[in-house]
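The primary structure of each chain is shown beneath.
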Amino acid sequence: MMRVDIVLSGIGGQGILTLAAILGTAAILDKYDVRVSEVHGMAQRGGAVTCHVKIGDKISSPLVMEGSADMIVALEASETLRALHYLKPKGTIVTNSLEHPPPLSMIKGLKYPSLNEIIEEAKKLTDEIYVVDAYNVARSLGSLQTINMVILGSMWATGKLLLSRGSIVKAIERSFREPTATINLKAFEEGIKLVKKLL
Amino acid sequence: MDDSQEVLLMLGNEAIARGAIEGGVQVATAYPGTPSTEIVETLASLAKDYDLYVEWSVNEKVAFEVALAASYCELRALTAMKHVGLNVASDTLFTAAYTGVRGGFVVVSADDPNCHSSQNEQDNRIYGLHAYVPVIEPSSPQEAKDMVTYALDISEHHKVPIILRTTTRLSHVRGPVKLNPVRRPKKVGSFIKAPERLVCLPANARRMRLEAISRLKNVEETFNHSSFNLVKGSSRIGVIACGLAYAYAVEALERLQDHHNVSILKLSTVYPIPRKLLNDFLKDKEKVLIIEELEPFIELQVKALCHELNLEVEIHGKDLIPLAGELTPQAVFKGIASILGVKVELPKNIELKSQAPPRPPILCAGCPHRNTFYAIKLAVRKKNVEAIYPSDIGCYTLGYYPPLEVVDTTLCMGAGVGLSCGLAKFSGKIVIATVGESTFFHACIPALINSVFNPSNFILIVLDNSFTAMTGHQPSPVTGMNAMGQKVKPVLPEDIAKACGIEFCKVVDPYDLDATTSSIAEAIDYIKRGLGPAVIIARRECSLILLRKHRSGIIKLIRRRVDPELCKGCLACIKLVGCPALIPRSGKVVIEEEMCSGCGLCERACPHKAIGLVE
Ligand code: SF4
Ligand code: SF4
């Protein structure tokens, strides 16, 4: 039985739900069963957002079991830690290098972990860690809103997604109007390059 | 959503909307509330295409009544609300079960285990039991769609209102949904007077209760043969799972496959329980585990049934499955493993040295409420008084978090003003209540009238941002537009406050911090002199809308920036204001340009004059 369980985590407003929905649409185009489960509500106001995506031959539960995700993805560096307990040993991690400490941690004087500390923690579980600078790529494309598509490209480039490139492209085209679609496709391609460079 | 038989990726709530259309619903109503909002939102967006009547009502009771009226007129109708919304509508629900309905009438109750965005967890299946209303529970987006149509048919056939219960996980999961053709027997509503049925005087009500009871008996018969219930396997160990719990159970059994054979009953019709079906399932069982989200609703009924039928089955449920919070695959896996007596390896928690920082939701950058809250603090300091801050349900509840901390109570829609009537009388402190304009219309007006009728001296600040912003910007009565995009006459809170008898009533722009602060200070003086309640309307469009208008060129925002030369990195702006557009970077603060609405609050807070307008 083929299946890939993914946990996405990030900050409200980063387009994590769009990313997850595009994965879902691409899965349907590739004739897979799929569940995309989003936690929103208050989360859109800068809170932590987690999304579970399961793609495969037959899926029933919408949630990923702890310790069993094939891949975890973080749209902000420290969010990797929030998803880490879902990862199965030797699973894949894709993380954005962007560091965005929440204002509350400043106010309360809480410690915000550095990228190195985060990677050190992740290494306890796996060596397959892709750190990508999605923020600056999106910036150079002229739209910070495309960080999510850069990450999507990187996810695909790891070769773990089961999805065809063509279906993802189609799903992106369906999700945006022009000219946004073109920029997002560009971001997706750039994201692929980021991981290809690391491989 | 077109009408071909294609497979689409749909949100559970969208699937419910689609089911309503396929089932011939003509009227849909709601008051927005997570996790139910997208149902009527989707229907509103399709109102023109399918010739539907859709409305955002002022509260759930009204929404329920408008839809019920449509059903009385023989039209098919749907009303959707979050679990606590049904509390507001419950007065009508209980009696609607007595009167019965004419056109198919579905009440979607979207429960929120784990309180993802609610004030409590509540299992609304119990409303069905209490109110004599059937309840059904789908287990996937596909079933959610199909069961709406089924529910409409049952409701119309047996003349009962019916509750479709979902939970957050189902409301907000996306999965493949195969579409069916839309039934379109367009009807014109016709109301046949039947006062003996629709006037619930005691004499009628006593008779109608008996009718309600007998309707339930008939529904149970139908449920015994429902194709949404399903039995698999014939082991002497059984699992009964309802709704989404079924999906978790299937996956847990997959993991345990090699160990044991278990027979499983997917129970979709949860009230009245189909006793014949259950009897057939239970009679040869040794042990049964019941898996359901929140209360032991089925468990108690099944235990009673076993007793009645003299079945010697060992029933497990909440002893092995958590009673509080949302079900998880782990919890269900553990429960099933333990009834099977299988030892399972659950993943060990890895020891981490560093943690992800807490990231609770906060008010958006440039949110006008932040300015109003800030002004409240300034005014209270200026007047040197001690204040209590009752508040309510909406974005502004986030004023609870530091650095603002101006929310002392949040109970349920409208409770803030009701509590203020009491707090102002009994606490001896200055009471400053905050409530969004949508909540104001929803449930605050009677309490405001009460504050004049039984005089109490508090300040009510209506945080008017022209939308029900929390749930995704549905229009509120001030917006001047309704769910179907019609231009309508705005209803203004200041007019209502005056009509309630409020004499101190002011409208301010929260981006004008000085004017807002001095109005609040003035109101403090006013209530201190015991002159009666004071109302201030702090009006400024939601900043997300402002940003949207800016991006599409309708308005031009003048933004703020931090001068890196002047910024000393003291973080005073972040500590005082907490705007998420202020980001600490390499020892200084920068303003994330795409987020800033230029409200100017941080400029006021910076002691080094490092923040100014972008030239
Ligand atoms: S002006 Fe300051 S407080 Fe206002 S939105 Fe911009 S950064 Fe935030
Ligand atoms: S959505 Fe609007 S009202 Fe809500 S926090 Fe954001 S800016 Fe404020």
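What comes next is a walk through the structure. (Residues numbered from 1 in each chain as written. Chains lettered and ligands numbered in written order. Predicted model: local features only at pLDDT ≥ 70, side-chain atom pairs only at ≥ 80, totals over all residues. Heavy atoms only, no water.)

### Section: the interface of chain B and chain A
To keep things clear, this is the line we draw: Any two residues whose heavy atoms approach within 4.5 Å at even a single point are treated as in contact. Salt bridges, as used here, are contacts in which a Lys or Arg side-chain nitrogen is within 4 Å of a carboxyl oxygen on Asp or Glu. N or O atoms within 3.5 Å of each other form a polar contact, as long as, within protein, one can give a hydrogen and the other can take it, and as long as residues adjacent in sequence are counted only when both atoms are side-chain atoms. Numbered from the N terminus, helices here are DSSP runs of H or I no shorter than four residues, and strands are runs of E no shorter than two. Each residue is assigned to one class: nonpolar for Ala, Val, Leu, Ile, Met, Phe, Trp, Tyr, Cys and Pro, charged for Asp, Glu, Lys and Arg, and polar for all the others, Gly among them. By this definition, two strands are paired if DSSP reports at least two bridges between them.
With 63 residues of chain B in contact, the opposing surface of chain A contributes 62 residues. Counting across the interface, chain B meets chain A through 7 salt bridges. Of the charged contacts in the structure, one is a salt bridge between R139 of chain A and E593 of chain B, with a shortest N-O distance of 3.0 Å. Counting across the chain B and chain A interface gives 21 residue pairs in polar contact (both at pLDDT 80 or more). Of all the secondary-structure elements, those providing two or more residues to the side of chain B that touches chain A are strand 1 (7–11), strand 8 (173–178), helix 10 (244–256), helix 13 (329–340), helix 20 (572–577) and strand 23 (582–585) of chain B. With 7 residues, helix 10 of chain B is the largest single contributor of residues to the side of chain B that touches chain A. The class makeup of the residues in the side of chain B that touches chain A is 36 nonpolar, 11 polar and 16 charged. For strand 2 (residues 33–38) of chain A and strand 8 of chain B, the ladder comprises 2 bridges, and the chain directions are antiparallel. Its bridge partner lying in strand 8 of chain B, S37 of chain A is registered against V173 of chain B.

### Points about the packing of helix 6 (residues 147–157) of chain A against helix 7 (residues 165–175) of chain A
All names here are of chain A. The test is simple: For helices, the axis comes from a line fit to the C-alpha atoms of the stretch in contact; other axes are also lines fit to C-alpha atoms, and the angle between any two N-to-C directions lies between 0 and 180 degrees. The cut-offs work like this: below 35 degrees is roughly parallel, past 145 is roughly antiparallel, 65 to 115 is roughly perpendicular, and the gaps in between are oblique. The hand of a helix crossing depends on one turn: near helix anticlockwise from the far one by less than a right angle means left-handed, and clockwise means right-handed.
For the pair helix 6 and helix 7, the least separation of the axes is 11 Å and the interaxial angle reads 165°. Looking at the two axes, helix 6 sits roughly antiparallel to helix 7. With respect to the hand of their crossing, helix 6 and helix 7 are arranged in right-handed fashion. Every residue of helix 7 that contacts helix 6 at M149, L152 and W156 is listed here: R165, I168 and I172. Here the residues of the contact of helix 6 with helix 7 are counted per class, giving 5 nonpolar, no polar and 1 charged.

### A look at the packing of aromatic side chains
Residue and element names in this part refer to chain B. Rules: Aromatic rings from Phe, Tyr and Trp, taking only the six-membered ring of Trp, are treated as a pair when their centres fall within 6.5 Å; an angle between ring planes under 30 degrees marks them as stacked, one over 60 as edge-to-face, and anything in between as tilted. Remark: exposure states derive from per-residue accessible area (1.4 Å probe, protein chains only) relative to the maximum for the residue type, with buried under 20%, exposed over 50%, and partly exposed in between. Only Lys NZ and Arg CZ are tested; either one counts as a charge over a ring when it is within 6 Å of the ring centre and within 35 degrees of the ring normal.
Tallied over the full model, the rule gives 7 aromatic pairs over all chains. The interplanar angle of 90° and the centroid separation of 5.3 Å between the aromatic rings of F64 and F105 together place this pair among those described as edge-to-face. Taken together, the positions of F64 in helix 3 (residues 60–72) and F105 in strand 5 (residues 105–111) put the pair 41 residues apart, joining distant regions of the chain. We note that F64, like F105, is buried. Consider the rings of F440 and F441, whose centres lie 5.7 Å apart with planes at 75°: the pair is edge-to-face. Each member of the pair, F440 as well as F441, carries the same accessibility label: buried. Positioned above the aromatic ring of F281 is the side chain of K285, whose terminal nitrogen or guanidinium carbon lies 4.4 Å from the ring centre.

### Quick notes on the site of ligand 1
Quick reminder of the rule: Only a single heavy atom is needed: when it lies within 4 Å of a molecule or strand, its residue is near that molecule or strand.
The local shell around ligand 1 consists of G366, R560, C579, A581, L582, I591, C596, S597, G598, C599, G600 and C602 of chain B. Looking at the shell around ligand 1 residue by residue, the classes come out as 7 nonpolar, 4 polar and 1 charged.

### Some remarks on the sheet that holds strand 20 (residues 504–508) of chain B
Residues and elements named next belong to chain B. Taken in spatial order, the 5 strands of this open sheet run 15-16-17-21-20, and their pairing is parallel. At either margin of the open sheet sits one strand with a lone partner, and together these are strand 15 (387–388) and strand 20. By the bridge criterion, 2 bridges tie strand 15 to strand 16 (residues 430–436) in an arrangement that is parallel. By the bridge assignment, A387 is partnered in strand 16 with I430.

### Points about the nonpolar core
Generally speaking, nonpolar side chains in soluble globular proteins are found buried as a group. All names here are of chain B. In plain terms, the rule: Only buried residues count toward a nonpolar core. Its members are Ala, Val, Leu, Ile, Met, Phe, Trp, Tyr and Cys residues joined through side-chain atoms within 4.5 Å.
Ranked by size, the top nonpolar core spans 80 residues in total, and within it F373, I432, I459, L460, I461, I520 and I524 carry the most contacts. Here the element with the most residues in this core is helix 18 (residues 513–528); it accounts for 7 residues. Beyond its immediate chain neighbours, meaning those up to four positions away, I459 contacts V431, I432, A433, I520, A523, I524, I527, A534 and I536.

### Description of the site of ligand 2
By nearness alone, every residue bordering ligand 2 is listed as R45 of chain A together with L363, C364, C367, H369, C395, N465, A469, C542, S543 and L544 of chain B. Nearby residues around ligand 2 are contributed by chains A and B. When grouped by side-chain class, the residues that make up the shell around ligand 2 number 7 nonpolar, 3 polar and 1 charged.

### Topic: the pairing of strand 23 of chain B
With 4 bridges connecting them, strand 23 of chain B and strand 24 (residues 588–591) of chain B associate as antiparallel partners. When the sheet's bridge partners are listed, I583 of chain B is paired in strand 24 of chain B with V590 of chain B.

### With respect to the sheet that holds strand 1 of chain B
Strands sit in the order 6(A)-5(A)-4(A)-1(A)-3(A)-2(A)-8(B)-1(B) across an open sheet of 8 strands; the sheet is mixed. In this open sheet, the two strands that pair with only one neighbour each are strand 6 (129–132) of chain A together with strand 1 of chain B. Each adjacent strand pair in this sheet contributes to an overall mean axis angle of 20°, direction not counted. Bridging between strand 1 (residues 3–11) of chain A and strand 4 (residues 69–74) of chain A involves 4 bridges; their strand directions are parallel. Paired with V7 of chain A across the strands is I72 of chain A, a residue of strand 4 of chain A.

### Details of unusual backbone geometry
With an omega dihedral of 0°, the bond running from E178 of chain A to P179 of chain A counts as a cis peptide bond. On the secondary structure map, P179 of chain A appears in the loop between helix 7 and helix 8 (180–198). Between P402 of chain B and the following residue, P403 of chain B, the backbone shows a cis peptide bond with an omega angle of 5°. Counting through the fold element by element, P403 of chain B comes out in the loop between strand 15 and helix 15 (415–426). Of note, the phi angle at K31 of chain A is positive, near 65°, even though the residue is not glycine. Checked against the element boundaries, K31 of chain A lands in the loop between helix 1 (16–29) and strand 2. On the accessibility criterion, K31 of chain A (74% relative accessible area) is exposed. A positive phi angle, close to 70°, is found at E74 of chain B, a residue other than glycine. Its place among the elements puts E74 of chain B in the loop between helix 3 and strand 4 (77–82).

### Quick look at the pairing of strand 24 of chain B
Taking every second residue as pointing to the same face, the buried face of strand 24 of chain B carries V589 and I591 of chain B, while none of K588 and V590 of chain B on the other face is buried. Following strand 23 of chain B, the chain reverses through 2 residues before pairing antiparallel with strand 24 of chain B; S586 of chain B in that reversal takes a positive phi of roughly 40°.

### Some details on the pattern of salt bridges
In this structure the tally under the stated criterion is 49 salt bridges over all chains. Among the ionic pairs, K160 of chain A bridges to E128 of chain A, the shortest N-O distance being 2.7 Å. Remark: E128 of chain A occurs in the loop between helix 4 (115–123) and strand 6 and K160 of chain A occurs in the loop between helix 6 and helix 7; sequence separation between them is 32 residues. Counted as one network, the salt bridges with shared partners bring together D111, D123, R125, E137, R165 and E292 of chain B.

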